[in-house]
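Observations on the three-dimensional arrangement
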Amino acid sequence: MISASAALSRRLGESGSYGRLAGVMALLAGLASAAGVADGRAAYGEPKRLGQIRAAELSEVSGIVASRRAAGVFWVVNDGGHAAAVHAIDRKGRLVARVRLRGAQNVDWEDLASGAGTGSAATIYIGDFGDNRRSRASGTLYIVQE
């Protein structure tokens, strides 16, 4: 069973955080360019199709990350307007778990990442920063212990 703790959120729009985020993204793009990956010459092999997501509730997946706790499991999120939940899928794309995040709202979830949180706890970071209508003054970063 895969579980998550209650979600914590942090507002990104305060004190020009979007500008800082854009600066960090530009820095990362510059580093990738310097490493020779911007033109697609990275040292990766050809992509290999493992499976296809067929679960009806995963109709608009906008982010995927490998689980740090369960081999062969990937966490995915749906784009905005769907339930505030992370879903676990296996390597074939089959849904194996759904974890609803109490207190969270999926305004326009765009991506997620995984990393070490407090101590050595595996942590999932969910970015609710989509802004198709260019009307949002801020976004939210949800931090969830895997």
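Below is a summary of the structure that appears in this document. (Residues numbered from 1 in each chain as written. Predicted model: local features only at pLDDT ≥ 70, side-chain atom pairs only at ≥ 80, totals over all residues. Heavy atoms only, no water.)

Some words on the pattern of salt bridges
Here the idea is simple: oppositely charged side chains can pair when their charged atoms come close. This model, assessed by the stated rule, comprises three salt bridges. Ionic pairing is found between R98 and E57, a salt bridge with its closest N-O pair at 2.7 Å. Within this pair, whereas R98 is found in strand β5 (residues 95-100), its partner E57 is found in the loop between α1 (17-34) and β2 (61-66), the two being separated by 41 residues in sequence. According to the relative accessible area criterion, E57 is partly exposed, its value standing at 31%. Across the pair D90 and R94 runs a salt bridge, and its minimum N-O distance is 2.7 Å. Since its relative accessible area comes to 15%, D90 is described here as buried. Overall, the relative accessible area of 52% leaves R94 in the exposed class. (Salt bridge = Lys/Arg side-chain N within 4 Å of Asp/Glu carboxyl O. Helix = DSSP H or I, 4+ residues; strand = E, 2+ residues; numbered from the N terminus. Buried < 20%, exposed > 50% of the residue type's maximum accessible area, 1.4 Å probe, protein only.)

Topic: the nonpolar core
One finds W75, L101, W109, L112 and I126 to be the most contacted residues of the largest nonpolar core, which totals 17 residues. At the level of elements, β3 (73-78), β4 (85-90), β5, β7 (122-128) and β8 (140-145) are the ones that each hand at least two residues to this core. Per-element tally for this core: the top contributor is β3, with three residues. (Core = buried A, V, L, I, M, F, W, Y, C linked by side-chain atoms within 4.5 Å.)

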